[in-house]
There are 2 protein chains.
Amino acid sequence: MSKHVYFFGGGKADGSAGDKNLLGGKGANLAEMVNLGIPVPPGFTITTEVCTAYFAAGNKYPDGLTAQVEDALSRVEKLLSKKFGDANNPLLFSVRSGSRASMPGMMDTILNLGLNDEIAAGLAKKTANPRFVYDAYRRFIAMYCDIVLEVKKEHFEVEIDVVRRQVAKGKGIDISKINAEELKKLVPDSMIEADDLKSLVETFKGICKKHTGKDFPSDPKEQLWGAVGAVFRSWHNARAKTYRKMNDIPESWGTACNVQSMVFGNLGETSATGVAFTRDPSTGENVFYGEWLPNAQGEDVVAGIRTPFDITKAAATAKGNEGTSLEEKMPQSYATLRDIYLKLEKHYRDMMDIEFTIEDGTLFMLQCRVGKRTGPASVRMAVEMAQEGIITKEEAILRVDPSSIDQLLHPRLDPKAEKKFLAKGLPASPGAAAGHVVFTADEAEKQAKEGKKVLLVRTETSPEDIHGMDAAQGILTARGGMTSHAAVVARGMGKCCVAGCSAINIDYKAQTMTVSVYDDAGKPKETVVIKAGDLVTLDGSAGRVYQGAVPTVPAQLTGSFGTLMEWADSVRKLKVRTNADTPKDARVAREFGAQGIGLCRTEHMFFAEDRIAAVREMILSETEEQRRKALVKLLPFQREDFVGIFKAMNGLPVTIRTLDPPLHEFLPHENHQITELSKTMAVEVTQLLKKNADLHEFNPMLGHRGVRLAISYPEIAEMQFRAIFEAAKICADEGVDVQAEVMIPLSMTKRELDLQKELFDRTYEEVFKGSQKKPRIMYGTMIELPRAALMAAELAKTAEFFSFGTNDLTQTTMGLSRDDAGRFLPDYVRLNIFAKDPFQCLDAEGVGQLVSMACERGKATRPDIKLGICGEHGGDPQSIEFCHKVGLNYVSCSPYRVPIARLAAAHAVLKEKGGKAVSNA
Amino acid sequence: MSKHVYFFGGGKADGSAGDKNLLGGKGANLAEMVNLGIPVPPGFTITTEVCTAYFAAGNKYPDGLTAQVEDALSRVEKLLSKKFGDANNPLLFSVRSGSRASMPGMMDTILNLGLNDEIAAGLAKKTANPRFVYDAYRRFIAMYCDIVLEVKKEHFEVEIDVVRRQVAKGKGIDISKINAEELKKLVPDSMIEADDLKSLVETFKGICKKHTGKDFPSDPKEQLWGAVGAVFRSWHNARAKTYRKMNDIPESWGTACNVQSMVFGNLGETSATGVAFTRDPSTGENVFYGEWLPNAQGEDVVAGIRTPFDITKAAATAKGNEGTSLEEKMPQSYATLRDIYLKLEKHYRDMMDIEFTIEDGTLFMLQCRVGKRTGPASVRMAVEMAQEGIITKEEAILRVDPSSIDQLLHPRLDPKAEKKFLAKGLPASPGAAAGHVVFTADEAEKQAKEGKKVLLVRTETSPEDIHGMDAAQGILTARGGMTSHAAVVARGMGKCCVAGCSAINIDYKAQTMTVSVYDDAGKPKETVVIKAGDLVTLDGSAGRVYQGAVPTVPAQLTGSFGTLMEWADSVRKLKVRTNADTPKDARVAREFGAQGIGLCRTEHMFFAEDRIAAVREMILSETEEQRRKALVKLLPFQREDFVGIFKAMNGLPVTIRTLDPPLHEFLPHENHQITELSKTMAVEVTQLLKKNADLHEFNPMLGHRGVRLAISYPEIAEMQFRAIFEAAKICADEGVDVQAEVMIPLSMTKRELDLQKELFDRTYEEVFKGSQKKPRIMYGTMIELPRAALMAAELAKTAEFFSFGTNDLTQTTMGLSRDDAGRFLPDYVRLNIFAKDPFQCLDAEGVGQLVSMACERGKATRPDIKLGICGEHGGDPQSIEFCHKVGLNYVSCSPYRVPIARLAAAHAVLKEKGGKAVSNA
C-alpha cells in the first residue's frame, strides 16, 4: 500500500523539505519546519501522487486513502486534544493546495472547515466569542459554496451588502448615493455584529440550497472530502492553467492537498496575522521585511482589503507610523518571530517568505518558502549572501535567473525631465513605464495586441486579471500593500507597479480615475480626471505616478550587479558580443560589457534619409555603369559609419555583414510614397511600378538576397568591401586597433564564398597598396541555411569563421516564416507540438543538430575556425547554454541583453559542472 | 618531353580508339581505322593537352611542339611522296578540331591548307584541272580569313554574288528581280568557270589586305600554325560554349587538332563524297543508310546546299529515284564502303556514323564515330543488337539514355483528326508538334519566353540558330537532308523536325512562307501563304506539314521499347510509381508501367468547378460548425474520386496526401473575380477582401499549409480521412484490392503525426465498425523539411512510410524559392555555383545528405519502413540513381516519365555493378 498521507506536528513530521515533488512546496516546508522545532499547527499532506491518480481514475480517490486520512485525523485530534466534528471541543481545518512550484493565489483554499450549526453553537459557547464564530462560519459557507459547490461568490456578496446597508442605516449614515465599494470602506466587516453574521449564515445556506438543490453539507467528514476533491480539481482551473503556461510548469505535476488544523488571528486584539520576508524582496536589502494586521485572518493581509502595518519598528518609523509595528505592539511574539526567521534563513540558506498567525498571544508558522524577489533584489541578495559567507560565489551566480535581470537593464525616469506629479503609492515593483490608461484586463490585452502601450489601472487586482497585467507596461492599484496580489505578480513579471495609491479613485463605468493631487505640504491642490486612453507614467521604484509620458534614461549597472557580472565573467567561457549597426549602439553595448560586435548590418545604414536616395538610384539602374555611379555616392557614407564603429570598438572584433535584404525592401510600396519618389527622383511612376513588379517575390525569405545579390551585382559587394577597408585604413593610421571580420550572408556553396573572396582580396590589395599598416581582416560566412550547415566542411575551406544566423536557420529548417507563423504558432504551443516558440528559444533537437553538425565539420576542416551566433537566440539563456555545449566561441545579442548573456554563459559552465540554477525572481 | 603529336597513316597509328581524351573522338577514331587497315588519308593529331597548355600559357604553344609537327609532316610527305609547300608536287591539308565529345559543327575546320599562287599554279598544271584548283584556292582563302583572321565571310559572299550575276547575265538570264538566295539556285557554284574563280582569288586577297592590313599569308607553314591556333581558340567561341552548356561538357577538356592530308571528292564525276550510318539513325532499322553527292566536298552534303542522293539502291528506289544511288553509280566504291561499314560496326559493336570521300575512284574514310540517333532508334538498335548477339542485354539497357526516351513517349498526331495537308519534307526527327510560325531564332526564343508555343521555320539552319531551335516546339526547313544541321540537332534535342521541305518558300522580310500545295497526283493545287504567328503542325515521323493545330494521341509503347522495358524491369530494384490525381491519370500511368501511385494530391480535386464553391464556403466559415457544414458537401466528391482511383489501381498501392496548399490559393485574387464570387456566394465583397487579407502570407511557402492546416482545422483532415476510408470500404466490398497509404504533408514533429494519427484511427474505427472487410491502410508522412529529415528517427515511431518531397526539401534546404529563383539561378549555373538546376536534378551533396540521413534514421527506428520519393526529381535519371543508392523502395514521377524512371532504375543497378552507360541519342 502506497503512503498517501504525510503527517506533521508535535515536533515530528513524516516528510521533509526534500519531499517537494511528493508533498508540494507548502507541505514539504511545513514538515521541515516541524522537524526544526518551529511551532506549526499540526496537520497532514495528501500527496501529489494522489492527485494524479485521482485524475487518472476519473476523479476517484485511490484505495486506502480514507483509512490513512482517518488515521492522520486522529493523530491531530490526539495532539490538540480536540475532536473533528465534536460540538463541545471542535477541531477546525484549513484545506489548501500546494504544488511543487509556487503558484500564489492560483488554486483554492478553504478555511474553517468542520463547522455546522451545532458545532458553531458549541464553539461560540466554548470561546464565548459568537461574533468570531459566526464570522468564521459565514466565511466558510461562502468559500465552500464557491469552491466546492460552484455557487458564485457574488450571490453571497450581495447579501453582505444588504447587511452593511442596514448597519449603516442603524448608524444614521446616508447611503443613498453610495456604491458597494464605498460602502465596504464605510462599514468594514468588523462593524457587523454576531447576530447579523448568524442570520447571514442562514441566508447563505438558503443560497446554497437554491443554487445546488441540496442542503449545505453539515457533516464535517463530507465537508473534508468535498474540499480535498475541489483542491485537486482547482489544478485544472483556467487561472492555474494560464499561470503554468506562463511559468513553464508541466500539467502532469498535480498538486498536493494540505489539511491543517486552524489557528485564528482574528480572536481579538491579542491575535494577529502577517506575512514577511527575511530580506526586502523588492530591493534585496538585508532587513526583515513584513506586514501584519491585528485581529485578522491571513487573507486580509494578502487580499489588500485592509492596508497592513509594518512588522519592524524601523520600517514603521521610517514611514511616520511609529507605534504601529508588531515589534512595538507585541514584542514577545516579535522576538519569537525573529528567532524563527533567522533560523529559517540560516537553514534554507536563502531569503524566506513566511506566513504566521498569532492566536491569543501564541505564534504559529503557517507557511514558509523561498521568497520571490525582484530581479534587482535577487542580484543583491545573491551577492550579499555570498559576501556574508552563506553561499558560494558559484551558488550566487546560479541564484540569479539570467532572464530576470532584464528588469535591471530597463530604463528609469530621466531625473532632469519635467514631470507632472499626480500621486504617490507603494513602490511595489521597480522600473518605469509610460502608457495609455486602461481600466480592465481585457482592454489591456486588446489594446496591447493592437500594438499600444498601456497601463492597467485597477482598484485592486485579482488572479482573474493576470492576462491584462501580462499585456500592460505597468500596473497601478488604488489599494493593497507590498504583498498584495498586484505587487507580487508584477514583481514576478518584472513589470513596474505602483500599489496602494489611495489618492486615486476609479470609476469603471465612466472609465475615469480621479486623482486628488496634494502639494508638498500635504494640502489638497487640485483634482485631475484621467480618462481611459490618457497617458500616464509610473515610477515603480519610487512609487510615484506622473501625468503624461515622462522620458527615461538607461539603467546603471553598478553595485551588486557589477560584482555579479564580474563573478560571471570570471566563470564563463563564451564571449559575449552585440548586434549593433551604429557607433552609438556600439558604445552602449560596450558599456553593457559587450566584447565585440557579432553582427553589424550594413543595410541599416542604407535606410538613413541622406542615403536612401542613392540606394534607390542604384536599384533603379539599368546598367552596371549606372549602378556604379550610384554606389560611388554611397561609399563615403558607409566608410564614415565604419570609421565610427571601429573607433568605438577599438581593440575588439567587429563583424560586418554585407548587404542582405532583397532590394525591393528599399523601394516604397504605397501609392503616395511612389508618387512622391517619382517627383524627387524625376523618374516616371510607371518605371517605379515596373521595378516594384520586377522585384516582387512570392517568397522573399527564399529569394534574391544575401550573397545572391552580390553574385548578381558584384559591384555592390565591392563598394562595401572598399568602404570597410578604407575605414580600416583610416583608423589604423590613427592608431586604432581595428579587428574587422567581413561576413557573407546566406551562402551555401564554397564557390559563392570563393567568388566573393576574389573580389575581397582584389579590393584589399587596391586599398592597402603601399600602406605601412595593414590590419588583418578576417573573411567568413553566416550559416543560416540548412545546406550551409551540411556543407560546413567545404565552406570552412574558404571561411575563417562561421556565425550562425539562427533566425533564418530556424525559418528554413522548420519551413516556418516568422512573419506568418503567428497564425498557427499559438496552436502549436497550446497542443504541445512545440515546447516553446522556436524563434525565442532555439529548437535544440532539430535546428540544433545542424548547428552542432556545422561546428564539427567546420572544425574538422579548420581546427581554429571561429564560431559564433548572431541570431536573436544569442540573447536567450537556454539557447546560450546550448551554444556553450556545442563549443561556440561567442554569442552576439542586442545591447540590452548582453548582461543576460554574460550571466547565462556563466550558468552554462556551472551547470556543466553539476551546479543547479535556483531562481525565485 | 611529352608526346604532343600522334601520327596516323600507312596502316599504323600512334594512338587508338582508347585515346579519346587525348586525341579527341575524331583523332582517336582515325587512328583506330588506320590500325584496322581501313584506307584513311594520313595525318597527325595534336593532343588536347596541347590545347589546354596553349590556353594556360596565354595562347602560346608548348616547347617541343614545332619539332614534333615537323617530324609528323615529313612522315606524311614520305608516305604520299608529296611535299608540303612544293609547287611541283604539293601536299594539302585539312585542319579540324575534335574534342572528347562530339560537337558537330560547333568548332572550326579549314580545308585545302597549303595553297598559294605558286602552288596553285603548279597544282593546276599537275592535275590539268585549273577550275578545281582555283575553286579550292578561293574557298581556302575565304575560310582562312573567316576563321583565322576574323574577316567576316559576308565580304566574300558579296563578291561571289557579283560573279554569279555576271555569269547569269552572260547566259541571258534576267536577274533584275532576283535576290541572292534565288541567284544561288540559278547559278550554282559549278557554273562558275576557272577564270572567274582565279580572279575571285585576287579579289579575296584584296579583301584580306583591306581588313587586316596585311597580305594573305603565302607561307604554308605560317598558314598551318595560324590554323592550329584558330582551331584551339574555336573551343571558346560562343556556339561551342552554348553547346557545351546544353550538353554538360566541361570547359576544361579542350579540343585536339587534326591535321590530315586532303583528298578531293570534287575532282570530277569519278569523285564523290558522302556521309552514312551503319543503321538508320532515325528509326533504328538495321539498314545501311546514307547520302552522297558526286563531284562534291564533304561540306556540300552536310551544309544542305545541294540535296544529296541515297547511297543504297533500295533507299533510292523507295523514293522513286532509281539509278541515283552510289550502289548503282559507283558499284566498286560501294562494295568497298560496305565492307568497311560492316567491319566498323562489328569492331565498335555499335551503330557508326561515317564520312567518306572518293577521289578519282579511290575511297577514303575521313571520319568514323558512334552515330547519334533518335530516342526510338536508340531503343531499337540496342534491343536488336542484343538480339543479334552483338551486345548483352545489360549493355543494351545501358545503351539507351533514359532522358532520351522522352521523345518516344510524346503524343503523335491523331490519325482520325481532320488535317489540312500543306507539304511534305524529310522525316528528320520524330514526334509531332503544333505551334505559331516564327522565322528567326531570336523571335522563337522571345515568344517562347512569353509562354507561346512556336515552330521555327528556316530555309536552312546553322549553328547560330541553336537557341531558337531549343526554344521551339519543332523545326521546319526548306532545304537540307537527313544529316543536315537542322536534322542532326533536332534529333539530339528530341524535337520534331521536318527538313528539306522544298515546297515552301520563305520571305524573311515579309515574314511569310508561301507553300505550293500539290494534290495526290503531284499536280499543283493551290498556293497558301502562312504568315508569322499562324498555326502549323509538323509530323516529324512522317515528314509532313499541316495547316492549323492538329490534335494528338498518346505514344504506343510496344515492340523494341516494350522489350527494353521488360529487360529494365527484370534488372531494377526500385519500384516506379506515378503522381496522379484522377482516375484517368491513374489509368494512363498504369499503362506506362506505373506500379502504384506515389502521390495523389487531394487539393487538385478541390479546384474542379463543381467543388470549388464548397471549398470556398469552408474557407469563409467563421466557426468550426460552418466549416463542417461545407465539408459535408465536399465529402461525396472526394469519396467518389478515391473510389475511381482505387479501382484503377486495383492491387497496387495508392499514396494519398492530405490537403497541402495554403487556403488562400482557393480564393480568387483579381478584383473582377472577387466581385463575381461575391455575387455567386452572396457574400459581401468587403468580407472576401478581408479574408484575402487575413490569409495573405509574406512567405506562403513557409506558411500555414500542410499538416499545419490540419492542426488548426482538424475537421478538414477528418473529412479527408473519412472520404478515403469510405471509398476503401466501398471498393473492398466490391472485391477491389485496396492498398491505400495516407500521407501527412509538411510534418516535422512526431507530435503532429500523433495528433493526426488519433483522428485517423478514430475515423477508421467509425467507418469500418462492423465491417467484414477491413483493408489495412498505412499511415505515413512526407519528408520535405530539413527538420523532418533530422527528426526522422522520431517521426518513424509513428510513420509507417516516408515519402521525400524533394521539391520543398530543396526549397527549404537551399533557402531557394522555385517561383523566384529564376532571377538569379541562371547566374548561378553560368558561374558554376550550381552544376545543374537543383530543381531538375537533386542536389545530392547537399539536399541528398538529408535524404540519406532520414533513410538511415527512419530504418534505425523501423527497419521495414517504406521509403519513396515524390518530388519531381523522381523522374530525373541522375536523381533516380541517387535514390537507388540510398536504398529507397520506390520513386514516383509524372505518368509520362514512368518509363524513363524504369530505365534509369535499371541503369542504377547496372552501374553499381560496374556497367557504363553509353548513349548517343
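Residues numbered from 1 in each chain as written. Chains lettered and ligands numbered in written order. Predicted model: local features only at pLDDT ≥ 70, side-chain atom pairs only at ≥ 80, totals over all residues. Heavy atoms only, no water.

Draft legend 1. Layout of the overall build of chain A. When helices and strands are tallied, chain A shows 35 helices and 32 strands. Viewed in the frame of its principal axes, chain A has a C-alpha envelope of about 105 × 65 × 50 Å. For chain A, restricting intrachain contacts to residue pairs at least 6 apart in sequence, the fraction spanning at least 24 positions comes to 68%. Summing over all exposed atoms, chain A offers an accessible surface of approximately 37100 Å²; the carbon and sulfur share of this is 49%. (Helix = DSSP H or I, 4+ residues; strand = E, 2+ residues; numbered from the N terminus. Contact = heavy atoms within 4.5 Å. Areas by Shrake-Rupley, 256 points an atom, 1.4 Å probe, with all protein chains shown as cover.)

Draft legend 2. Representation of the confidence of the model for chain A. For chain A, mean pLDDT is 91; residues scoring 70 or higher make up 98% of the total. Scored as a whole, the predicted complex attains pTM 0.77, and scored at its interfaces, ipTM 0.77. (pLDDT = per-residue confidence, 0-100.)

Draft legend 3. Quick peek at the nonpolar core. Core analysis: the largest hydrophobic core is formed by 303 residues, its most contacted members being A:Phe646 and B:Phe646. When sequence neighbours within four positions are dropped, the list of residues in contact with B:Phe646 reads B:Val654, B:Ile656, B:Ile724, B:Ala727, B:Ala728, B:Cys731, B:Val736, B:Val738 and B:Ala740. (Core = buried A, V, L, I, M, F, W, Y, C linked by side-chain atoms within 4.5 Å. Buried < 20%, exposed > 50% of the residue type's maximum accessible area, 1.4 Å probe, protein only.)

Draft legend 4. Looking closely at the relation of the copies chain A and chain B. Structural alignment of chain A on chain B gives an RMSD of 0.1 Å, achieved by rotating through 180° and translating 0.0 Å along the axis. Seen this way, the second copy is the image of the first under a two-fold rotation axis. In this assembly the copies share their binding face: 100% of the residues contributing to the interface of chain A also contribute to that of chain B. (Least-squares fit on C-alpha atoms with pLDDT ≥ 70 in both.)

Draft legend 5. Highlighting the packing of aromatic side chains. Residues and elements named next belong to chain B. Scanning the entire structure with this criterion turns up 54 aromatic pairs over all chains. Between Phe725 and Phe760 the ring centres are 5.0 Å apart and the planes differ by 80°, which places this aromatic pair in the edge-to-face class. Residue Phe725 is located in helix α27 (residues 714–733), and its partner Phe760 is located in helix α28 (residues 750–768); the two are separated by 35 residues in the primary sequence. Since its relative accessible area comes to 0%, Phe725 is described here as buried. (Phe/Tyr/Trp six-rings, centres within 6.5 Å; stacked < 30°, edge-to-face > 60°.)

Draft legend 6. Representation of helix α28 (residues 750–768) of chain A. Helix length check: α28(A) (19 residues) gives 26 Å between terminal C-alpha atoms against 27 Å at 1.5 Å per residue, within 8%. The complete set of buried residues in α28(A) reads A:Glu752, A:Leu753, A:Leu755, A:Gln756, A:Leu759, A:Phe760, A:Thr763, A:Tyr764, A:Val767 and A:Phe768. Against α26 (707–712), α27 (714–733), β28 (739–744), β29 (778–783) and α30 (792–798) of chain A together with α32 (825–830) of chain B lie the buried residues of α28(A). Phi for A:Gly770, located one or two positions after α28(A), is positive at around 80°. (Expected span 1.5 Å × (residues − 1).)

Draft legend 7. The interface of chain A and chain B, seen in detail. The interface of chain A with chain B comprises 49 residues on the first partner and 49 residues on the second. Buried area between chain A and chain B, summed over both chains or domains, comes out near 4400 Å², and the portion from carbon and sulfur atoms is 57%. It is A:Leu702, A:Arg787 and A:Arg823 that lose the most area in chain A upon contact with chain B, and together they represent 15% of the buried surface on that side. Residue A:Arg787 is joined to B:Asp843 by a salt bridge in which the shortest nitrogen-to-oxygen separation is 2.6 Å. (Buried area = accessible area lost by both parts, 1.4 Å probe. Salt bridge = Lys/Arg side-chain N within 4 Å of Asp/Glu carboxyl O.)

Draft legend 8. Spotlight on the pairing of strand β8 (residues 289–294) of chain B. Residues and elements named next belong to chain B. Taking burial as the measure, the six residues of β8 include six buried ones, the bulk of the element. The alternating pattern of β8 places Tyr289, Glu291 and Leu293 and Gly290, Trp292 and Pro294 on opposite faces, both of which are buried. With two bridges connecting them, β8 and strand β9 (residues 309–310) associate as antiparallel partners. Its bridge partner being in β9, Glu291 is matched across the sheet by Asp310. (Pairing = 2+ DSSP bridges.)

Draft legend 9. Looking closely at helix α9 (residues 220–233) of chain B. All names here are of chain B. With 14 residues, α9 ought to run about 20 Å at 1.5 Å a step, and its terminal C-alpha atoms sit 20 Å apart, in line with that. With eleven of its 14 residues buried, α9 lies for the most part within the structure. When α9 is considered as a whole, its buried residues turn out to be Pro220, Gln223, Leu224, Trp225, Gly226, Ala227, Val228, Gly229, Ala230, Val231 and Phe232. For α9, the N-terminal cap is Asp219; the gap from its side-chain oxygen to the backbone nitrogen of Lys221 is 3.0 Å. (Polar contact = N/O pair within 3.5 Å; in protein donor to acceptor, adjacent residues only side chain to side chain.)

Draft legend 10. Molecular detail of unusual backbone geometry. Residue and element names in this part refer to chain A. With a phi angle near 55°, Asn59 is a residue other than glycine that sits in the positive phi range. Relative to the helices and strands, Asn59 is located in the loop between α2 (48–56) and α3 (65–80). Asn59 gets classed as partly exposed once you look at its relative accessible area, which sits at 38%. Its identity as a non-glycine residue notwithstanding, Asn295 has a phi of 50°, on the positive side. Mapped onto the elements of the fold, Asn295 is located in the loop between β8 (289–294) and α11 (298–303).

Draft legend 11. Region of the structure containing the side chain of B:Ser94. All names here are of chain B. With respect to the element layout, Ser94 can be found in strand β4 (residues 93–99). Take Ser94: its relative accessible area is 2%, and that puts it in the buried class. Residues within four places of Ser94 in sequence aside, it is in contact with Ile110, Leu111, Asn258, Val259, Gln260 and Met262.

Draft legend 12. Spatial organisation of the pattern of salt bridges. Tallied over the full model, the rule gives 104 salt bridges over all chains. Linking A:Lys633 and A:Glu617 is a salt bridge whose minimum nitrogen-to-oxygen distance equals 2.6 Å. Placement of A:Lys633 in helix α23 (residues 624–648) and of A:Glu617 in helix α22 (residues 609–620) is noted, with a sequence separation of 16 residues between them. Between A:Arg787 and B:Glu845 there is a salt bridge, with its nearest N and O atoms 3.3 Å apart. With A:Arg787 in helix α29 (residues 786–790) and B:Glu845 in the loop between α32 and α33 (847–861), the pair connects residues from two separate chains. A cluster of three or more residues bridged by salt bridges with shared partners is formed by A:Asp135, A:Arg138, A:Arg139, A:Arg164 and A:Asp189.

Draft legend 13. Examining the side chain of B:Asp353 more closely. Structurally, B:Asp353 is set in strand β10 (residues 352–359). Contact partners of B:Asp353, with chain neighbours within four places excluded, come to B:Ala276, B:Phe277, B:Gln367, B:Cys368, B:Arg369, B:Val370 and B:Gly371.

Draft legend 14. Local environment of the sheet that holds strand β20 (residues 512–518) of chain B. Residues and elements named next belong to chain B. Sheet architecture is open: three strands sit in the order β19-β20-β21, paired in antiparallel fashion. The sheet is open, and its two borders are formed by β19 (504–507) and β21 (524–531), each paired with just one other strand. Taking the axes of each pair of neighbouring strands and ignoring which way they run, one obtains an average angle of 15° across the sheet. Direction of pairing for β19 relative to β20: antiparallel, over a ladder of four bridges. Bridging from a neighbouring strand, Ile506 pairs with Met513 of β20. (Axes fitted to C-alpha atoms, helices over the stretch in contact; angles between N-to-C directions.)

Draft legend 15. Representation of the packing of helix α15 (residues 375–387) of chain A against helix α20 (residues 559–571) of chain A within the structure. Residues and elements named next belong to chain A. Following both chains from N to C, one finds α15 and α20 inclined at 70°, their axes separated by 9 Å at the closest point. The angle between α15 and α20 falls in the class roughly perpendicular. Here α15 and α20 pass one another in a crossing that is left-handed. For the pair formed by α15 and α20, the contact residues are Val379, Arg380, Val383, Ala386 and Gln387 on the first element and Ser560, Phe561, Thr563, Leu564 and Trp567 on the second. (Parallel < 35°, antiparallel > 145°, perpendicular 65-115°, else oblique. Left-handed = near helix turned anticlockwise from the far one by under 90°.)

Draft legend 16. Structural view of the environment of B:Glu684. All names here are of chain B. For Glu684, the location among the structural elements is in the loop between α24 (671–681) and α25 (685–695). With a relative accessible area of 56%, Glu684 lands in the exposed category. Considering only alpha carbons, one finds Glu684 and Phe288, 396 residues apart in sequence, at a separation of 74 Å.

Draft legend 17. Expanded view of the packing of helix α4 (residues 117–127) of chain B against helix α5 (residues 130–147) of chain B. Residues and elements named next belong to chain B. Contact pair α4 / α5: the axes reach a minimum separation of 8 Å and the direction vectors enclose 150°. If you check the angle between α4 and α5, you find them roughly antiparallel. The crossing of α4 and α5 is right-handed. When α4 is examined against α5, the residues Asp117, Ala120, Ala121, Leu123, Ala124 and Thr127 are found in contact with a partner set consisting of Pro130, Val133, Tyr134 and Tyr137. Along the lines of polarity and charge, the residues of the contact of α4 with α5 split into eight nonpolar, one polar and one charged. (Nonpolar A, V, L, I, M, F, W, Y, C, P; charged D, E, K, R; others polar.)

Draft legend 18. Spotlight on the sheet that holds strand β25 (residues 575–579) of chain A. Residue and element names in this part refer to chain A. The eight strands lie next to each other as β25-β26-β27-β28-β29-β30-β31-β32, forming a closed barrel whose pairing is parallel. Between one strand axis and the next, the sheet turns by 25° as a mean value, whatever way the strands run. Running at roughly 175° to strand β30 (residues 801–804), helix α33 (residues 847–861) makes contact with β29, β30 and β31 (866–869) of the sheet.

Draft legend 19. Quick look at the state of the cysteines. In this structure the tally under the stated criterion is zero disulfides over all chains. Of the cysteine sulfurs around B:Cys600, a residue in no disulfide, the closest is that of B:Cys870, at 11 Å. (Disulfide = S-S within 2.5 Å.)

Draft legend 20. Focus on the environment of B:Glu617. Residue and element names in this part refer to chain B. Take Glu617: its relative accessible area is 24%, and that puts it in the partly exposed class. Glu617 sits ten residues away from Arg627 along the chain, and the two C-alpha atoms are 7.5 Å apart. In this structure the side chain of Glu617 is engaged in a polar contact, spanning 2.6 Å, whose partner is the side chain of Lys633.

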